[in-house]
Amino acid sequence: MNHIGTRTIETERLILRKSRREDAQAMFDNWASDDKVTRFMTWQTYRSVEEAVWRIDYMLGEYAKDNYYDWFIELKETGQPIGSISAVHFIDNIRLAHIGYCIGNKWWGQGIMPEALGAVIKFFFEEVGVNRVEACHDVNNPNSGRVMAKCGMKYEGTLRQSGWNNQGINDRAFYGLLREEYFDSKD
């Protein structure tokens, strides 16, 4: 793989970019403090903006690493971050990137997350050189699976009681896309 770190990615409506300390209030207001958003997350709902500051400070330190990929999703129309998307896990020897994401509920159902995920998938295959992109979701959150499917990811199976989130132990549905499938779809 050609690890190059978090780079700015632009789409029609979005700018995927590194977080900035001044984003803390928007992060808190737009997604991190919302129980609807964090319902299926592995991290707790933020109760103060200081938690957002802590997370951003952590991200700012990690950006120096070439194998760290974590973006805020900024809506061009407003200039405000409305969610995040990241590679939460890598397995370098098989060139696998596991992606996780969330977005404020005010922006659900508008095609924003498929636009962001599609851009990150493109980045990982075309820039970083991964062989496989995968993601998973709690089976009780099928909308997340629809995002993956819209981006060309294929449902590969459900692992029973294989995950944990704010709902407790859960079954996770896995989706994946291989490098050859990605490039074949471009022909």
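Residues numbered from 1 in each chain as written. Predicted model: local features only at pLDDT ≥ 70, side-chain atom pairs only at ≥ 80, totals over all residues. Heavy atoms only, no water.

1. Some words on the overall build of the chain
Next up, step 1: Helix and strand counts for the chain stand at 6 helices and 8 strands.
Next up, step 2: Each helix (α) and strand (β) of the chain, taken in turn from the N terminus, gives the series β-β-α-α-α-β-β-β-α-β-α-β-β-α.
Next up, step 3: A compact globule built from 187 residues should have a C-alpha radius of gyration of about 16 Å, and the chain, at 16 Å, falls within 12% of that.
Next up, step 4: Its C-alpha atoms put the chain at 45 × 35 × 30 Å along the principal axes.
Next up, step 5: Burial analysis of the chain (187 residues in total) assigns 50% to the buried set.
Next up, step 6: When the accessible surface of the chain is totalled, it reaches about 9,700 Å², and 46% of it is carbon and sulfur.
Next up, step 7: Here the chain contributes 23 positively and 27 negatively charged side chains, and the mean placements of these two sets differ by 2 Å. (Helix = DSSP H or I, 4+ residues; strand = E, 2+ residues; numbered from the N terminus. Rg over C-alpha atoms; globule rule 2.2 N^0.38 Å. Buried < 20%, exposed > 50% of the residue type's maximum accessible area, 1.4 Å probe, protein only. Areas by Shrake-Rupley, 256 points an atom, 1.4 Å probe, with all protein chains shown as cover. Lys, Arg positive; Asp, Glu negative; His and termini not counted. Charge placed at Lys NZ, Arg CZ, Asp CG, Glu CD.)

2. Considering the pairing of strand β7 (residues 154-165)
Next up, step 1: Sheet topology note: the β7/strand β8 (residues 168-178) ladder contains 8 bridges and is antiparallel. Each residue of the ladder has a partner; that of Trp164, found in β8, is Ile169. (Pairing = 2+ DSSP bridges.)

3. Looking at the sheet that holds strand β3 (residues 70-75)
Next up, step 1: Strand order in the open sheet made by the 8 strands is β1-β2-β3-β4-β5-β6-β8-β7, with mixed pairing throughout. In the strand order of this sheet, the two ends are held by β1 (9-10) and β7, each with one partner.
Next up, step 2: Bridge count for strand β4 (residues 80-91) against strand β5 (residues 96-103) is 8 bridges, and the pairing is antiparallel. In the sheet register, Ser84 faces β5, and the bridge partner there is Cys102.

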